[in-house]
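Structural overview
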Amino acid sequence: MSDKTYLSEIKEIRVDENSPLFDKTGMLYKEFSSDYRQIRYYTLLIVQSAPIEIKEINLLEQQISEVIKNAVKHGNRSNPAKKVRVWYSFDLDHAHLIVEDEGEGFKDLEKWNEFNRKRLECLANQDFEKLADFVSFRTAKSDENDGGNALFAALEYWDGGFVFNSKRNAVAMLKKFPHKRH
Amino acid sequence: MELKIRKNGENYIIDVNGEMDLYNSYKLKELVMKMLEKKVERFIINLENVDYIDSSGIGALIYICSTIKKMNLKLIITNIHGSVKKVIELTKLMGYFPITNSIEEAIQQMEE
């Protein structure tokens, strides 16, 4: 039996330069050189300003690490001369980030959305044999250390939006944390 | 990340200790490939002591899982918890990976 919940709301990576998520007002800022070895350290420098209540042990750190890795590795090709710029703001209600690199932009964005749509169709049909072809998104530049699955989780995690600018070298994202009622 | 192998009958249990991140997930992949060369046929990957996984770690598990499935050999991943479970859930791979809650359950399932 098929499970339509996977298809009820197919999330896509959007391109919207004018998204309010690109409003940097009041956000903190850090910039880093594109040193692959420092990705987790850079992430810790960012995430340390988040309240513990929204860290969900290390889930917030892990999700931020993925977007910084994408900027360092896929955007700037780990060229230390190129910078990654991060704007961020955290409180008990939200985590908001903008990560920008100096690369040529995410050219395969449409291919990724199409790939993700097929992946969700396999899940809806519980077709795990066919799903094997859609568990890892590869491009000509992928290497064996690329899991090819970071953005699948990102689209789910950043539930307030995950949006690229027109040049596709910057991505803005928002995670909402609903208050628990006492 | 530290990897230890122990044997239980025909089953080879790999205990993973530490973080499965972009810097070290390849080690698990390499170890499993070496074990396949040595004709190991039943793998249990124990993630009890893994509290952090990223897309490279998930990618390593996907690679291992698809390789073992293609060879018609057996794999079970066990003791997934905390944020590791959460990341696998976000990636919607809980149904793709063969998963049990404990090593005992994994061993039992290997016999079926």
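Numbering of residues begins from 1 in every chain and follows the order in which that chain's sequence is written. Naming scheme: in the order in which they are written, chains are lettered from A and ligands are numbered from 1. Reporting of local features is limited, given that this is a predicted model, to residues whose pLDDT is at least 70; pairs of side-chain atoms are given and counted only at 80 or more, and all residues count toward the totals for whole chains, interfaces and linings.

Quick notes on the overall build of chain A
Condition: A run of H or I in DSSP counts as a helix once it spans at least four residues, and a run of E counts as a strand once it spans at least two, with each numbered from the N terminus. In this setup the radius of gyration rests on C-alpha atoms only. A globule is expected at 2.2 Å times the number of residues raised to 0.38.
Tallying secondary structure elements over chain A gives six helices and six strands in all. N-terminal to C-terminal, the α/β element order of chain A is α-β-β-α-α-β-β-α-α-α-β-β. Radius of gyration (C-alpha) of chain A: 17 Å, near the 16 Å computed for a compact globule of 182 residues. When its C-alpha atoms are laid out on the principal axes, chain A stretches across 50 × 45 × 30 Å.

Let's talk about the interface of chain B and chain A
Heads up, the rule is: Contacts are defined on C-beta atoms placed from the backbone: any two residues whose C-beta positions lie within 7 Å are in contact. Here the term charged refers only to Asp, Glu, Lys and Arg, the term nonpolar to Ala, Val, Leu, Ile, Met, Phe, Trp, Tyr, Cys and Pro, and the term polar to all other amino acids, Gly among them.
Between chain B and chain A, the contact holds 21 residues from the first and 26 residues from the second. Counting only elements with at least two residues in the side of chain B that touches chain A, the list comes to helix H2 (55-70) and helix H3 (82-90) of chain B. Top element by residues in the side of chain B that touches chain A is H2(B). It accounts for six residues. A breakdown of the residues in the side of chain B that touches chain A according to their chemical character gives nine nonpolar, eight polar and four charged.

Looking at the confidence of the model for chain B
Filter applied, for reference: A score from 0 to 100, pLDDT tells how confident the predictor is in each residue.
Summing up the model confidence of chain B, the mean pLDDT is 97 and the portion of residues at 70 or higher is 100%. Quick note on the complex model: pTM equals 0.94, ipTM equals 0.94.

So, the packing of helix H2 (residues 39-47) of chain A against helix H3 (residues 59-75) of chain A
All names here are of chain A. Quick note on the threshold: Convention adopted: a line fitted to C-alpha atoms gives each axis, helices being fitted over their contacting stretch, and angles between N-to-C directions are expressed from 0 to 180 degrees. In what follows, roughly perpendicular refers to angles from 65 to 115 degrees, roughly parallel to angles under 35, roughly antiparallel to angles over 145, and oblique to any angle outside these ranges. The sense of a crossing depends on the near helix, which, turned anticlockwise from the far helix by less than a right angle, makes the crossing left-handed and, turned clockwise, makes it right-handed.
Taken N-terminus to C-terminus, the directions of H2 and H3 make an angle of 130 degrees; their axes are 9 Å apart at the nearest point. By the angle between their axes, H2 is oblique relative to H3. For the pair H2 and H3, the crossing hand works out as right-handed. Of H3, the residues touching H2 (which contributes Ile39, Arg40, Tyr42, Thr43, Ile46 and Val47) are Leu60, Glu61, Ile64, Ser65, Ile68, Lys69 and Val72. Residue composition of the contact of H2 with H3, grouped by class: eight nonpolar, two polar and three charged.

Quick look at the sheet that holds strand E5 (residues 99-100) of chain B
Residues and elements named next belong to chain B. The cut-off we apply is this: Whether two strands pair comes down to DSSP finding at least two bridges between them.
Taken in spatial order, the five strands of this open sheet run E1-E2-E3-E4-E5, and their pairing is mixed. On the outer flanks of this sheet lie strand E1 (2-8) and E5, each paired with one strand and no other. Sheet topology places strand E2 (residues 11-20) next to strand E3 (residues 42-53); seven bridges connect them, and they run parallel. By the bridge assignment for E3, asparagine 17 is matched with asparagine 49. Of the strands in this sheet, E1, E2, E3, strand E4 (74-78) and E5 are in contact with helix H4 (residues 103-111), which crosses E4 at around 160 degrees.

So, the environment of Thr25(A)
Residue and element names in this part refer to chain A. Note the following rule: Any residue whose C-beta has 12 or fewer other C-beta atoms within 10 Å is treated as exposed, any with 20 or more as buried, and any in between as partly exposed, C-beta atoms being built from the backbone.
Mapped onto the fold, threonine 25 is located in the loop between strand E1 (14-15) and strand E2 (28-33). According to the C-beta neighbour criterion, threonine 25 is exposed, with 6 such atoms within 10 Å. Linking threonine 25 and tryptophan 87, residues 62 residues apart in sequence, is a C-alpha distance of 9.6 Å.

A closer look at H3(A)
Residue and element names in this part refer to chain A. Short version of the rule: Expected span of a helix: the number of residues minus one, times 1.5 Å.
In a regular helix each residue adds 1.5 Å, so 17 residues correspond to 24 Å; H3 covers 23 Å between its end C-alpha atoms and thus fits that length. Within H3, 16 of the 17 residues are buried, which leaves the element mostly enclosed by the surrounding structure. Where H3 terminates, the next one or two residues include arginine 77, which has phi positive at roughly 50 degrees.

Quick look at the sheet that holds E1(A)
As summarised here, the arrangement of the six strands in space is E1-E5-E6-E4-E3-E2 (chain A), forming an open sheet in which the pairing is mixed. If you trace the sheet from one side to the other, it starts and ends with E1 and E2 of chain A, each paired once.

Topic: the pairing of strand E3 (residues 83-90) of chain A
Residues and elements named next belong to chain A. Where E2 lies against E3, six bridges are found, and the strand directions are antiparallel. Each bridged residue has a counterpart across the sheet, and for leucine 28 the counterpart in E3 is tyrosine 88. One ladder, built from six bridges, connects E3 with strand E4 (residues 94-100); its direction is antiparallel. Bridged to arginine 85 within E4 is glutamate 100. Between E3 and E4, which follow one another and run antiparallel, lie three residues.

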